[in-house]
Amino acid sequence: MNLDELTRSSGEWLRGTGPESDIVMCSRIRLARNLAEFPFTNRASRTEKSEIESSIRSAMQRANLELVYFDVNALPPLDRQFLVERQLISRELAAGEGPRGVAVGPLENIAIMVNEEDHLRIQVMLSGMALHDVWERINRLDDQLEEHLAYAFSTQLGYLTACPTNVGTGIRVGVMLHLPALAQTKQMEKVFRALQKINLAVRGLYGEGTQAFGDFYQISNQQTLGKSEPELIRILTDVVPQVIQYERTARQALMNEKRQHLHDQVSRAYGVLKTAHTISSEETMLLLSSVRLGINLGLIDDLEIATINELFIQTQPAYLQKIQGSELGVEERNVARASYLRSRLSNGRHVEPD
Amino acid sequence: MGSNKKMKCQKCSKPATFHITDIERGKPREYHFCEEHAHQHLRPPEGGQDAPPISDLAKKLIVGGAAAREPTSADKQVCPICQISFLEFRNSGRLGCPYDYEIFRDELMPLLENIHDETRHSGKVPRRAPRNTRQQTTLIQLRNDLKRAVAAEDYETAARVRDMIRSIEQEQGR
């Protein structure tokens, strides 16, 4: 698998399968780990970073893991951005310097970043509400790597990390939710506040502040020290169903009270996406969100949820430029985006990407 | 939320959910606020009409106070392993090596309690017994010594340090 081959597939987490997948886009857990014998990445020399990288790569090989490694340091900026868009690397890793990379597993369920803020950032993602399954997988993966690596660990403070906000379990348990009805009925503030009170963080699709991107919100734990991994996961599995229920109630209210208005909004969104000849990224996100809601409420019945999920990622700038095979300015991208949307949505049939 | 559960905001009767450590005239001072008063406290004095985003708030919690402040004696402390000073950590929010958790322990503990409400790990333990801290960090220190010796063209020391590194690495089966 190389980077160009990635453009021809999409991550499993976009397939729209798994429990509650009309609202829960995906479940994700990441673990922060560091090698005991090296300084943290921000303090490591180039030579040390390269030694860290080769220790980790050799551990992955010896553990017989089915992973493909991308040397991010050697990638052009466009390819780095492409990996960010696919949620395989962070913006920090893309913008970093020196030896660093990411190992990607089959179906893009696994991404292991090397020399990000911590030496290792292990991530496992699955479609739908599947935190227990994700934990089982990432826990096993962590064990396999640890057979060949000495992690920085203290009995009192647990796994030692570059930032004290991650020390202890080093775990970030997150669920990405699509909450268009709560957003439309201006109830997100209330949700934010309730979640903040119990120490949960809310971010957008790409981790940006609280500004939502296509009405996607990631809810995750902030505390990492003093509670075990299963306890921290339980906080999420207790709270997320309540948010889901809240969104369902808001959807039902929209259907009962403003059905025609909603149907009109959804159909217009679908119409624009199918026929536009130039369209910005922001407008695309907004309209895709409406269409996704429309599919889930049965207002659109000739389009698969997986197609819409993929389009959230595949209408991003780097993806469009990768499939075009050249760099494009903003105007050109807007044209390319509209053309791509028309081809994927033509006659309402599900069209596989070429 | 541990021991802070019943703490009240300093400015009203709501529960305190934000625990902020500011450095004022070189001394740490703790504040306990409800959300509203925390925002009020953290808002820049002028022209700050918006509440700070969460990430800024987190950084503020870590960095622990206004950017312009006098360094304290704790700030000048330097880790012998990675050479980071506590001040550098305060400014960047990132530690330099695992040993920093030992060397800056007194300063870090209240910070950890602020962030996590707890100071003791509960959860997964690596299957392999972790080596003791000294052994964990010896290699970092030796590699630094090696770097310095090479830079100073002190090849005798460099050779000796290199041998020590090799023997530890062999002991670890690398």
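On a predicted model such as this, the values are computed, not experimentally measured, just so you know.

### Description of the side chain of Ser85 of chain B
Residues and elements named next belong to chain B.
Then comes step 1: The topology assignment puts Ser85 in the loop between α3 (73-76) and α4 (86-92).
Then comes step 2: Residue classification places Ser85 among the buried positions, given a relative accessible area of 12%.
Then comes step 3: Discounting chain neighbours no more than four positions away, the residues touching Ser85 are Asp75, Gln77, Val78 and Phe104.

### Observations concerning the nonpolar core
Then comes step 1: Counting residues in hydrophobic clusters, the biggest one holds 114 residues, and the most contacted among them are Ile29, Leu83, Val102, Ile112, Ile122, Leu177 and Val291 of chain A.
Then comes step 2: Here the element with the most residues in this core is helix α8 (residues 229-275) of chain A; it accounts for 15 residues.
Then comes step 3: Summarising the domain contributions, this core has at least three residues from each of domain 1 (3-252) and domain 2 (258-350) of chain A.
Then comes step 4: Those residues within four positions of Val102 of chain A in sequence are excluded, and the remaining contacts are Val68, Tyr69, Phe70, Val72, Leu83, Leu88, Ile89, Ala111, Ile112 and Met113 of chain A.
Then comes step 5: If you look at the next biggest cluster of nonpolar residues, it comprises 24 residues, including Phe40 of chain A together with Leu95, Phe104 and Met109 of chain B.

### A word on the domain arrangement of chain A
All names here are of chain A.
Then comes step 1: For chain A, the assigned domains read domain 1 (3-252) and domain 2 (258-350).
Then comes step 2: Taken over C-alpha atoms, the centre of domain 1 sits 26 Å from the centre of domain 2.
Then comes step 3: With 27 residues of domain 1 in contact, the opposing surface of domain 2 contributes 22 residues.
Then comes step 4: Surface buried jointly by domain 1 and domain 2 totals about 2200 Å² across both partners, of which 61% is contributed by carbon and sulfur atoms.
Then comes step 5: Considering only the surface of domain 1 that becomes buried against domain 2, Leu14, Leu78 and Glu85 emerge as the three largest contributors, covering 24% of it.
Then comes step 6: Where domain 1 touches domain 2, the interface holds 2 salt bridges.
Then comes step 7: Of the charged contacts in the structure, one is a salt bridge between Asp79 and Lys322, with a shortest N-O distance of 2.8 Å.
Then comes step 8: Looking at which element gives the most residues to the side of domain 1 that touches domain 2, the answer is helix α3 (residues 77-85), with 5 residues.
Then comes step 9: Here the residues of the side of domain 1 that touches domain 2 are counted per class, giving 10 nonpolar, 9 polar and 8 charged.

### A short note on the sheet that holds strand β10 (residues 216-221) of chain A
Residue and element names in this part refer to chain A.
Then comes step 1: Taken in spatial order, the 8 strands of this open sheet run β2-β3-β4-β5-β1-β8-β10-β9, and their pairing is antiparallel. Since the sheet does not close on itself, it has two edges, and those belong to β2 (68-71) and β9 (200-203), each with one partner. Each neighbouring strand pair of the sheet contributes to a mean axis angle of 20°, computed without reference to strand direction.
Then comes step 2: With 5 bridges joining them, strand β4 (residues 110-114) and strand β5 (residues 120-127) adopt antiparallel strand pairing. In the strand pairing of β5, Val114 is matched with Leu120.
Then comes step 3: Contacting β2, β3 (101-104), β4 and β5, helix α2 (residues 46-62) runs over the sheet at an angle of about 155° to β4.

### Describing the interface of chain A and chain B
Then comes step 1: Facing 52 residues of chain A, the contacting portion of chain B comprises 43 residues.
Then comes step 2: Between chain A and chain B lies a buried interface of about 4300 Å² when both sides are counted; carbon and sulfur atoms form 52% of it.
Then comes step 3: It is Glu37, Arg43 and Gln156 of chain A that lose the most area in chain A upon contact with chain B, and together they represent 17% of the buried surface on that side.
Then comes step 4: For the interface between chain A and chain B, the tally reads 8 salt bridges.
Then comes step 5: With a closest N to O distance of 3.5 Å, Glu51 of chain A and Arg143 of chain B form a salt bridge.
Then comes step 6: At the junction of chain A and chain B, the tally comes to 24 residue pairs in polar contact (both at pLDDT 80 or more).

Calculation rules
Residues numbered from 1 in each chain as written. Chains lettered and ligands numbered in written order. Predicted model: local features only at pLDDT ≥ 70, side-chain atom pairs only at ≥ 80, totals over all residues. Heavy atoms only, no water. Helix = DSSP H or I, 4+ residues; strand = E, 2+ residues; numbered from the N terminus. Buried < 20%, exposed > 50% of the residue type's maximum accessible area, 1.4 Å probe, protein only. Contact = heavy atoms within 4.5 Å. Core = buried A, V, L, I, M, F, W, Y, C linked by side-chain atoms within 4.5 Å. Domains from an automatic or database assignment. Buried area = accessible area lost by both parts, 1.4 Å probe. Salt bridge = Lys/Arg side-chain N within 4 Å of Asp/Glu carboxyl O. Nonpolar A, V, L, I, M, F, W, Y, C, P; charged D, E, K, R; others polar. Pairing = 2+ DSSP bridges. Axes fitted to C-alpha atoms, helices over the stretch in contact; angles between N-to-C directions. Polar contact = N/O pair within 3.5 Å; in protein donor to acceptor, adjacent residues only side chain to side chain.

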